[in-house]
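These are the residues of each chain, in order.
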There are 2 protein chains.
Amino acid sequence: MTTLTQDPRHLDEAARAALFTGAHTANTFADTPVTDEQLTQIWELARWAPTGANLQPLRVLFVRTPEARARLVPLLADTNRDRAASAPAIAVLAVDDRFHDAIPTVAPFMVPRQGWLEENPAARGEMGSYSGALQAGYFILAVRALGLAAGPMAGFDKAGVDAEFFAGTSWRSSLVVNIGHPGPDAFRPRLPRLPHEDVVRFA
Amino acid sequence: MTTLTQDPRHLDEAARAALFTGAHTANTFADTPVTDEQLTQIWELARWAPTGANLQPLRVLFVRTPEARARLVPLLADTNRDRAASAPAIAVLAVDDRFHDAIPTVAPFMVPRQGWLEENPAARGEMGSYSGALQAGYFILAVRALGLAAGPMAGFDKAGVDAEFFAGTSWRSSLVVNIGHPGPDAFRPRLPRLPHEDVVRFA
């Protein structure tokens, strides 16, 4: 089960199943707690994967106290509240609209473009949104890499979450991800994936 | 090195290194070919990870014949041409602006909203762009899961690529990813990542 095959960097079947082929979105969660150390480890993995010009616009708020969860859950779509309420932790993924402030540290080669990004909020928003979503994809797989279940949810009141949690900051929420161990009947039958011939072409 | 720890779904250190902590963007590629079967396997992994309402907007064109590569490389930013030219395969990741046509098959619960998506191209574009970028993140990690190196590049002439490869279709290019085995001096020193305290908060 756990021997590496073909190439030392090639993931074996068990690891591929954990991330991709055998993983499902969890809809219920067990009481088993998730520690702050585990939550920190998620980011310790996800942060190494690549972003456009290394600008790393994603930000993460881990909501896990009863008080903070009680502020967040009512801002989710009706259909998302029950499963979020049962999750021991809920990550609010956000994009920092001022991600370009870090350019001198993370992307010195971009310093000549920093002023342009400051003056072009629409272009900046597009860059932040794209790399932020790439990083959200890495984040979801990093949750799974740690043996935890992820439940991403796009249906929530973004303006409400921003006002409640990010007032006075440049963070803007984009996705909410339940995190925990699967509970009873956590997994629904998998929805169909598009056939390869509708998605993949060769040239 | 390869024993699973703590949980059967928990990735070991070697697998985490292959995906996250030890992986780097490759800037040169070896002559070692990448087969169409390997390219197909990338999608076979990536397609299982979650998208908003299961709508799966990402599309993939694998460019690997000399003729097709000669059409693509001039459309990349100057600084991206040499590395792309050395890659045995280049994936053009695109979003299908008509992803909602698949709703009856992949997301029957969305049928009542299909007409609304047809009539609201801006909202549809935002959904497609977000889930397409999530899927691009999964795609990059799936390349790595197969023991291959990925080199994502945002700098290219999108309109030019769409005209050259996607004329008459609803595919719109969003990211180009070099794929292959690392060549000589493939890896530059890693650029810094933001410190945890700038990214992660707890509530």
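Residues numbered from 1 in each chain as written. Chains lettered and ligands numbered in written order. Predicted model: local features only at pLDDT ≥ 70, side-chain atom pairs only at ≥ 80, totals over all residues. Heavy atoms only, no water.

### A look at unusual backbone geometry
All names here are of chain B. Quick note on the threshold: Where helices and strands are cited, they refer to DSSP runs of H or I of at least four residues and of E of at least two residues respectively, numbered from the N terminus.
Its identity as a non-glycine residue notwithstanding, Ala53 has a phi of 55°, on the positive side. Positive phi, normally seen in glycine, also occurs at Asn54, with a value near 60°. Mapped onto the elements, Asn54 comes out in the loop between α2 (36-46) and β1 (58-63).

### Re the relation of the copies chain B and chain A
Short version of the rule: A least-squares superposition brings the copies together, and it is based on the C-alpha atoms of residues with pLDDT no lower than 70 in both. Here, two residues are considered to be in contact whenever any of their heavy atoms come within 4.5 Å of each other.
Rotating chain B by 180° and moving it 0.0 Å along the rotation axis overlays it on chain A with an RMSD of 0.0 Å. Overall, the copies show the geometry of a two-fold rotation axis. Comparing contact sets, 100% of the residues at the interface of chain B also lie at the interface in chain A, consistent with an isologous, same-surface contact.

### A closer look at the interface of chain B and chain A
Which entries qualify depends on this criterion: Summed over both partners, the accessible area lost on bringing two parts together, with a 1.4 Å probe, is the buried area. The term salt bridge refers to a side-chain nitrogen of Lys or Arg lying within 4 Å of a carboxyl oxygen of Asp or Glu. Pairing of N or O atoms within 3.5 Å defines a polar contact, subject to two protein rules: one partner must be a possible hydrogen donor and the other a possible acceptor, and residues neighboring in sequence count only if both atoms are side-chain atoms.
Listed by partner, the interface residues are 75 residues for chain B and 75 residues for chain A. Here chain B meets chain A over a buried area of about 7,100 Å², counting both sides, of which 66% is carbon and sulfur. Interface area lost by chain B to chain A is led by B:Trp48, B:Arg193 and B:Ala203, which between them contribute 11%. Taken together, chain B and chain A are joined by zero salt bridges. Our enumeration of links across chain B and chain A arrives at 34 residue pairs in polar contact (both at pLDDT 80 or more). Counting residues per element, the ones that place at least two in the side of chain B that touches chain A are α1 (13-21), α2, β1, α5 (103-106), α7 (121-145), β4 (171-180), α9 (196-199) and β5 (200-202) of chain B.

### Topic: the packing of aromatic side chains
The condition that has to hold: Aromatic rings from Phe, Tyr and Trp, taking only the six-membered ring of Trp, are treated as a pair when their centres fall within 6.5 Å; an angle between ring planes under 30 degrees marks them as stacked, one over 60 as edge-to-face, and anything in between as tilted. Our definition puts a charge over a ring when NZ of Lys or CZ of Arg is within 6 Å of the ring centre and also within 35 degrees of the ring normal.
Tallied over the full model, the rule gives six aromatic pairs over all chains. One aromatic cluster in this structure is built from A:Phe62, A:Phe139 and B:Phe202. Here the guanidinium or amino end of A:Arg113 rests over the ring plane of A:Trp116, the centre of that ring lying 4.8 Å away. When the ring centre of B:Phe156 is taken as reference, the NZ or CZ atom of B:Lys158 above it lies at 4.8 Å.

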